[in-house]
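Chains, contacts and geometry: an overview
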Amino acid sequence: MKKFFYIFFLLIISNLNSKLLCNLELSVSNRRVCIIGSGYVGLVTGACFADLNHFVTCIDIDESKIKRLRNNDIPIYEKDLDEIVRKTIKSNNLNFSSEIKSSINESDILFICVGTPTKNGESDLSAIYSVINVIIDSIKQNQSKKIICIKSTVPVGTCKMLYNYLLDNGLMPNQFSIVSNPEFLREGTAVYDFSHPDRIVIGSNDYNAALEIQDLYKSIIEEKKVPCLITDLQTSESIKYASNAFLALKVAFINEIAELCDYTNANISDVVKGVGLDKRITHSFLNPGPGFGGSCFPKDVEALASIVKKYNISCKIINSILESNNSHKKYIASKIDPLLKNNATVCLLGLTFKANTDDIRYSPSIDIIEYLQTKNVNIQAYDPKGMENMNKLFPDIKYCKSAYEAAYNSDVVVVLTEWEEFKNLDLEKLSQIMNNKCIIDYRDILDINNINKNNFEYYAIGKPRRIF
Ligand code: UGA
């Protein structure tokens with residue numbers, strides 16, 4: 001009988017799919033939240049929830065990381081994060097711990113923010129399962145209900161699998177709820193994105209649990225009139241993948257059009273302007289570059305392709321996004337090729353996958369360095385934040401203290417990341433210190449008039465003025 005009521009309840013809940021809730025009158029409450037995994041996502045989410053006056057404990061198995069965080073030594077570069085962490089530690093809203101069990105025991109809302117790296121083309125969920133096992137023990141020992149909210153990006157269907165896993169491991173449905181609450185935080189602007197989201201997406205088969213998670217964001221939802229979409233678990237998981245895949249597709253598409261402009265002599269900047277003026281398309285996310293990178297797009301697009309494969313459906317567009325990006329990176333490298341005379345010196349400006357981060361994961365600069373290392377050339381690189389990380393991958397290239405030091409005596413300068421300080425490079429100075437006046441601007445951030453004035457040989461993808 002109890003089971004019947006439970007199934008009936010689930011049916012009612014599933015009919016509540018896709019409710020667009022705006023400006024709800026929500027109850028005011030400051031909650032005790034535990035964030036499991038203090039990487040980019042966990043740390044930003046924890047600090048921002050603490051800033052909304054919730055009581056947050058961020059935990060991580062890496063004790064040295066927790067030690068650093070307790071001393072307000074932030075292990076990643078993320079704009080405004082250090083200030084918000086300092087402020088919320090001081091107000092006692094935020095604390096850090098490596099005591100996973102006790103921290104889980106003390107909170108009734110648990111956010112899982114651990115990594116889901118790609119392994120053999122699929123997402124590796126082992127970190128999630130080890131956290132879930134600790135949560136199961138905690139619930140059994142303390143008999144207290146937990147809302148388990150999955151922020152990590154997981155393949156569609158994972159939350160349902162976790163739900164069944166908890167039941168299979170001896171928990172009753174009334175002892176826990178599973179909620180999916182994907183993040184849409186861009187590295188470099190993650191703190192801003194948290195408090196100015198375009199939308200909040202919450203998925204659950206327990207509507208009340210979904211409302212409790214919504215309640216955590218109450219002040220943001222009300223003040224900024226942010227739409228909050230409440231739906232089921234697999235739809236919420238799908239929204240995350242569809243969003244990232246679509247954005248990656250936009251970038252891959254415009255990069256292909258930029259390559260085409262190289263052959264037709266059209267100007268990609270004006271193409272983007274003209275296309276972006278169509279309100280159905282918009283300019284945003286249409287900047288051509290050296291290819292998308294980072295910890296999200298390549299990983300998520302690959303994971304989505306592997307989900308599609310699992311269901312044995314063709315989905316040609318999804319499957320070709322990464323292929324297009326990889327070909328584009330090869331195209332980018334091929335453009336440097338004619339300049340690589342024996343023993344040439346190449347100056348790389350920018351190593352991170354985009355500006356305002358120290359993250360080099362899947363950065364196009366890695367492909368370029370690997371390519372250049374197959375040629376007999378010297379590499380001199382500079383990046384405002386990414387050199388420490390890149391040095392771990394490529395200890396044998398020369399890292400410089402400034403863009404000018406990297407450009408000194410070089411035969412070509414290649415701009416790979418759109419850092420603000422590169423936009424204002426003193427091109428006259430550059431022209432005096434380079435061995436050969438040649439610039440490849442893959443982010444199209446340099447002033448063309450200034451480049452012409454200083455008689456540089458110049459190339460930018462899809463731009464009419466090019467010399468090779
Ligand atoms: C991306 C999404 O934008 C976030 O919404 C999402 O939450 C996040 O992934 C994630 O899943 O965690 P992120 O990887 O930080 O955020 O970086 P983006 O700013 O989206 O840029 C991704 C890549 O596309 C970068 O390599 C960037 O240089 C490239 N890009 C972006 C372009 O080449 N052109 C553009 O117009 C925009």
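Our structure's up above, just so we're on the same page.
Worth saying up front: this structure is predicted, and the values here are computed from it rather than measured.

**Focus: the overall build of the protein**
- Counting secondary structure elements, the protein contains 20 helices and 17 strands.
- Here the C-alpha radius of gyration of the protein, 25 Å, is about what a compact globule of 468 residues would show, namely 23 Å.
- For the protein, the proportion of its 468 residues judged to be buried stands at 52%.
- For the protein, the proportion of contacts with a sequence separation of at least 24, taken over those separated by at least 6, is 73%.
- Within the structure as shown, the protein displays about 21900 Å² of accessible surface, and the carbon and sulfur contribution to it stands at 52%.
- When the 53 basic and 55 acidic side-chain charges of the protein are each reduced to a single mean position, those positions are 2 Å apart.

**Structural notes on the sheet that holds strand β17 (residues 457-459)**
- Pairing within the open sheet is parallel, and its six strands lie in the order β14-β13-β12-β15-β16-β17. Pairing within the sheet leaves two strands with one partner each, and these edge strands are β14 (398-399) and β17.
- With three bridges connecting them, strand β16 (residues 438-441) and β17 associate as parallel partners. Within β17, the position partnered with Ile-440 by the bridge is Tyr-459.

**As for the pairing of strand β10 (residues 200-204)**
- Burial within β10 is extensive, with five of its five residues counted as buried.
- Both faces of β10 are covered, namely the face carrying Ile-200, Ile-202 and Ser-204 and the face carrying Val-201 and Gly-203.
- Bridge count for strand β9 (residues 176-180) against β10 is two bridges, and the pairing is antiparallel. Residue pairing for β10: Val-179 is matched across the bridge by Ser-204.
- Sheet topology places β10 next to strand β11 (residues 228-231); four bridges connect them, and they run parallel. The residue of β11 that forms the bridge with Ile-202 is Ile-230.

**Overview of the pattern of salt bridges**
- Within the structure shown, the criterion is met by 21 salt bridges.
- Notably, a salt bridge pairs Lys-87 with Asp-51, separated by 2.9 Å at the nearest N-O pair. Here the residue Lys-87 occupies a position in helix α4 (residues 81-90), and Asp-51 occupies one in helix α2 (residues 40-51), the gap between them amounting to 36 residues.
- Using a relative accessible area of 47% as the deciding quantity, one classes Lys-87 as partly exposed.
- By relative accessible area, which is 31% here, Asp-51 ends up partly exposed.
- Salt bridges linked by common partners bring Arg-31, Asp-108 and Glu-212 together as one network.

**Concerning the layout of surface pockets**
- One number sums up the size of the second largest pocket: a volume of about 890 Å³.
- Lining the second largest pocket are 39 residues, and of these Gly-39, Cys-113, Val-114, Gly-115 and Thr-116 lie nearest its centre.
- The element best represented in the lining of the second largest pocket is helix α6 (residues 126-142), accounting for four residues.
- When grouped by side-chain class, the residues that make up the lining of the second largest pocket number 19 nonpolar, eleven polar and nine charged.

**A word on the pairing of strand β8 (residues 146-150)**
- Most of β8 is tucked away, with five of its five residues classed as buried.
- Direction of pairing for strand β5 (residues 109-112) relative to β8: parallel, over a ladder of four bridges. Pairing of Ile-112 across the sheet is with Ile-150, part of β8.
- Note: β8 against β9, five bridges, orientation parallel. Considered in β9, the bridge of Ile-150 is made with Ser-180.
- Following the chain from β8 across helix α7 (residues 158-168) to the adjacent parallel β9, one finds a crossover that is right-handed.

**Considering the site of the ligand**
- In the vicinity of the ligand there are 19 residues, among which Glu-183, Glu-187, Lys-240, Asn-244 and Cys-296 approach most closely.
- Within the side chain of Lys-240, one N or O atom sits 2.5 Å away from an oxygen atom of the ligand.
- Backbone polar atom of Asn-287 to a nitrogen atom of the ligand: 2.8 Å apart, as the coordinates give it.
- With three residues, helix α11 (residues 233-264) is the largest single contributor of residues to the shell around the ligand.
- In terms of residue class, the shell around the ligand is made up of nine nonpolar, three polar and seven charged.

**Description of the side chain of Arg-31**
- With respect to the helices and strands, the residue Arg-31 is situated in the loop between β1 (19-21) and β2 (32-36).
- A distance of 2.5 Å separates the side chain of Arg-31 from the side chain of Glu-212, its partner in a polar contact.
- Setting aside residues no more than four positions away along its own chain, Arg-31 makes contact with His-54, Phe-55, Asp-108, Ile-109, Glu-212 and Leu-216.

**Comments concerning empty space enclosed by the protein**
- Across all of its chains, the model carries two cavities of 30 Å³ or more by this definition.
- Ile-150, Lys-151, Ser-152, Thr-153, Val-154, Ser-180, Asn-181, Pro-182, Ser-236, Glu-237 and Lys-240 are the residues that line the largest cavity.
- Per element, the largest residue contribution to the lining of the largest cavity is three residues, and it comes from α11.
- Taken together, the residues of the lining of the largest cavity sort by class into three nonpolar, five polar and three charged.
- Considering only enclosed or pocket space, the second largest cavity measures out at about 30 Å³ in volume.
- Taken together, Lys-101, Asn-105, Val-134, Asp-137, Ser-138 and Gln-141 make up the lining of the second largest cavity.
- For the lining of the second largest cavity, the secondary structure elements donating two or more residues are α5 (100-106) and α6.
- The element contributing the most residues to the lining of the second largest cavity is α6, with four residues.

Definitions and cut-offs
Residues numbered from 1 in each chain as written. Predicted model: local features only at pLDDT ≥ 70, side-chain atom pairs only at ≥ 80, totals over all residues. Heavy atoms only, no water. Helix = DSSP H or I, 4+ residues; strand = E, 2+ residues; numbered from the N terminus. Rg over C-alpha atoms; globule rule 2.2 N^0.38 Å. Buried < 20%, exposed > 50% of the residue type's maximum accessible area, 1.4 Å probe, protein only. Contact = heavy atoms within 4.5 Å. Areas by Shrake-Rupley, 256 points an atom, 1.4 Å probe, with all protein chains shown as cover. Lys, Arg positive; Asp, Glu negative; His and termini not counted. Charge placed at Lys NZ, Arg CZ, Asp CG, Glu CD. Pairing = 2+ DSSP bridges. Salt bridge = Lys/Arg side-chain N within 4 Å of Asp/Glu carboxyl O. 1 Å grid on protein atoms, 1.4 Å probe; cavity = no way out; pocket = protein on both sides within 12 Å on 5 of 7 lines; lining within 4 Å. Points joined across faces, edges and corners; volume = space filled by probe spheres on them. Nonpolar A, V, L, I, M, F, W, Y, C, P; charged D, E, K, R; others polar. Right-handed = clockwise from strand over helix to strand, strands pointing away. Near = heavy atom within 4 Å. Polar contact = N/O pair within 3.5 Å; in protein donor to acceptor, adjacent residues only side chain to side chain.

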